[in-house]
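The residues making up each chain are set out below.
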Amino acid sequence: MQEIPLGCGPIESFTLVSNLFHWVETRESENLDSWPIKRDVAPTCCDLTISLCDSSIAKQHLACKEELAQFPRIYILYQALSPQAFLMLLHLCLSHLLPAFTPSNSSLAAPSHDLSKMADSEPAAPALKTYRGNCHCGLFVYEAQLPEIKSVAECNCSLCYKKGYLWVFPGAGDFKVVKGSEDDLKTYTLGGAATTLHRFCPTCGTPVMAFRPGSPPGKQVGLNAHAIQELNTWDLKVNPFDGRALPPAWEEPKYTGLEPPVSEDAPADTSKIYTGSCHCGAVTLAVRSIPLDNTYPHWVKVCSCSICERMGATWIYPKASQVIINGLENCTKYLFGRKIVSKAFCKTCGVCICNMAADLSPEEYEALSDEYKGWVKISSQFCVLNLRVLNGWDLGEIKDKIERFTGGAEVEPRYVNP
C-alpha cells in the first residue's frame, strides 16, 4: 500500500486529526456499512471509539503517541479500522477539510466502493437538547446543549474506572453553570503531559466533569452522564475507550494492613483476600471473600437511586468483619435522605469507597423511629463496598452477576433535582 507523505509537524498533524474526527462524527451512520471495519466494533462512524494504538503508520503520520495523548477524544481507532480504511479517512480529511495541507504528491489506491458520495455535502447539524446536571447536594448545577444522548464513552483508565464515569462532550459554548461555580468543585489532576482536571463536589462526592486545557475548543469539557438529570444511563449505548493503554502508567497503592479474619461467611478453604484503594492512595482496604466471579452467590447491585447513580458504584454486601479499611479519616462521609447511611469518598481524589451507617450519638439514635433504628442496626452489620475500588481485579470477572436495583429511587424522602 502506498503511504501518504504528509510532510507536516505535530501541530499540523493534530489539526488534521482534530478535523478528521469532527468529520467522522458528523457522518450518517449508514454511510459506513460497507467500510472494512473489524466486526467487534460497531460499523458506524458516529459510534467509533476514539483511541490510538502503537502502529508505525499512526506514529509516522500523527506524530508521537505522547504528543497526541493530550487529546484522547481525537485518537483514531486504528485497532477498529484496517490500515487501508485508516488511510482513506486521513486522505478524505486532507482532501475535503484542509486543502491547504493536502500534499500535491499524495496518492492512494482507489477503494473498491465509491467513497466520493460521502464528501459531497455536509449533513444538517443535529438538533440540540438542553440537559441539566448537578452534584447530589446541589452545590453545583449546570446546563448543556447536546444532541439527544443515545451513547456515552466509557474510559477504562485507572481513575475513570474507579469513578464509573460515562462521558459526553458538549461543544464549545454549549455548557454553562447555573448555580455555584467550577471553583466550588474539588480538582484532582490526572496524567503527566496529558493533564486532565477531574472535578468533583467536596460535599457529596459527585464526579461532575473533567477539563482538558490542552484540547481544542469543543473538546475541553467532558461531562459525567451519571450526573445528568432524568437520564437513564442503563439503556445508553456504551462506547469503550482504552485509556488504560495511555501513558503514564498508574501505580496501584498497596494495602499494608492486617488481613480480615476467616469467618463463617469467608471460610479459610474457599475465600481469598482482595485489596483495593482510592486512586490517590489515601484510603486502602482489604476484603476477605469467596471468589468474586460469576459463581458469586450473593448480591452484586448497581443502584439507580439519586446518589448511587451519581457515584457510578457497583456494590457488594460483605459483613463488616470481612473488610478492613485504612485511612477512613481521609474520607468525607456524606449523609443524605434519611441521614442514617453515609457515602464515604476520598477527600483528595473523590473515589467512592463504601456505604456506612451514620455515626449517631445515643440521643440521635433514640430519636429515630423504630423503622430507622432497624435500618441503622442492619447497616452497622455490613460494609457495603464499591467493587470499583479493588485493584488487580476487574468488573468483567463478575459481570454476569450484576443486577440493577431500582427500588432505591422510591425510598422516602424522594430526591428532588435542583
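Use the structure listed above.
Now for a look at the structure at hand. Model, not experiment: these values are computed from the prediction. Residue numbers restart at each chain and count upward from 1, following the sequence in its written direction. Given that the model is predicted, a residue must reach a pLDDT of at least 70 before its local features are reported, and side-chain atom pairs must reach 80 or more before they are shown or counted; all residues, however, enter totals for whole chains, interfaces and linings. Side-chain metrics in this entry use all non-hydrogen atoms of the structure; hydrogen atoms and water are not considered.

Thoughts on the overall build of the protein chain
Okay, step 1: Strands are runs of DSSP state E lasting at least 2 residues, helices are runs of H or I lasting at least 4, and numbering of each runs from the N terminus. Regarding its fold elements, the protein chain presents eight helices and 20 strands.
Okay, step 2: Looking at the protein chain as a whole, 49% of its 418 residues are labelled buried.
Okay, step 3: Partitioning the contacts of the protein chain with sequence separation of at least 6, the portion at a separation of at least 24 is 67%.
Okay, step 4: Residue burial considers only the protein chains on display, and all accessible areas are found by Shrake-Rupley using a 1.4 Å probe. Split by element, the accessible area of the protein chain, about 19300 Å² in all, is 52% carbon and sulfur. Between buried and exposed lies partly exposed: a residue is buried under 20% and exposed over 50% of the maximum accessible area for its type, with that area taken using a 1.4 Å probe on protein chains only. Pairs of residues are marked as contacts when any of their non-hydrogen atoms sit within 4.5 Å.

Considering the pairing of strand S16 (residues 331-335)
Okay, step 1: Strands were regarded as paired on the criterion that DSSP finds at least two bridges between them. Sheet analysis places S16 next to strand S17 (residues 341-346), joined by five bridges and oriented antiparallel. Note that in S17 the partner of Thr332 across the bridge is Phe345.
Okay, step 2: Connecting S16 to the next strand, S17, in antiparallel fashion are five residues, including Gly337 with a positive phi near 55 degrees.

Re the pattern of salt bridges
Okay, step 1: Put simply, a salt bridge is a Lys or Arg side-chain nitrogen that is within 4 Å of an Asp or Glu carboxyl oxygen. In the structure shown here, the tally under the stated rule is ten salt bridges.
Okay, step 2: The salt bridge partner of Arg132 is Glu143, with a shortest N-O separation of 2.8 Å. Separated by eleven residues along the polypeptide, Arg132 in strand S1 (residues 128-134) and Glu143 in strand S2 (residues 141-147) bring together distant segments of the chain.
Okay, step 3: If you follow the salt bridges from partner to partner, you end up with Arg132, Glu143 and Lys176 in one network.

Examining unusual backbone geometry
Okay, step 1: Along the chain, Pro247 connects to Pro248 via a cis peptide bond; the corresponding omega equals -5 degrees.
Okay, step 2: Inspection of the secondary structure puts Pro248 in the loop between strand S10 (237-241) and strand S11 (272-277).
Okay, step 3: Phi is positive for Glu230, close to 55 degrees, though the residue is something other than glycine.
Okay, step 4: Looking at where Glu230 falls in the secondary structure, it is placed in the loop between strand S9 (221-224) and S10.
Okay, step 5: By relative accessible area, Glu230 is classed as exposed at 71%.

Some words on the nonpolar core
Here is a general trend for soluble globular proteins: nonpolar side chains tend to be buried in one another's company.
Okay, step 1: By nonpolar core is meant a set of buried Ala, Val, Leu, Ile, Met, Phe, Trp, Tyr and Cys residues that side-chain atoms within 4.5 Å join together. Residues Ile149, Leu292, Ile353, Leu387, Leu390 and Trp393 are the most contacted members of the largest nonpolar core, which totals 75 residues.
Okay, step 2: Not counting the four nearest positions on each side in its chain, Ile353 is found in contact with Cys278, Val283, Leu285, Ile325, Cys331, Ala344, Phe345, Val384, Leu385, Asn386 and Val389.

Digging into the environment of Pro240
Okay, step 1: Locating Pro240 in the fold gives a position in strand S10.
Okay, step 2: Distance in space between the C-alpha atoms of Pro240 and Glu154 is 4.8 Å, their sequence separation being 86 residues.

Concerning the packing of aromatic side chains
Okay, step 1: Here a pair means two rings of Phe, Tyr or Trp (six-membered ring of Trp) with centres within 6.5 Å. Their orientation is stacked below 30 degrees between planes, edge-to-face above 60, and tilted elsewhere. Under the criterion given, the structure shown has seven aromatic pairs.
Okay, step 2: Taken together, a centroid distance of 6.3 Å and an interplanar angle of 45 degrees make the contact between Phe140 and Tyr142 tilted. Each member of the pair, Phe140 together with Tyr142, is buried.
Okay, step 3: Here Tyr334 and Phe336 contribute two aromatic rings whose centre-to-centre distance is 5.9 Å and whose plane-to-plane angle is 25 degrees, an arrangement assigned as stacked. Note on accessibility: Tyr334 and Phe336 belong to one class, buried.
Okay, step 4: One aromatic cluster is present, formed by Phe140, Tyr142 and Phe175 through successive ring pairs.
Okay, step 5: Over the face of the ring belonging to Tyr372 we find Arg338, whose NZ or CZ atom lies 5.4 Å from the ring centre.
Okay, step 6: Throughout this description, the term charge over a ring refers to an Arg CZ or Lys NZ atom that lies within 6 Å of the ring centre and within 35 degrees of the ring normal. The lysine or arginine in question, Arg388, covers the ring of Tyr161, its NZ or CZ lying 5.3 Å from the ring centre.

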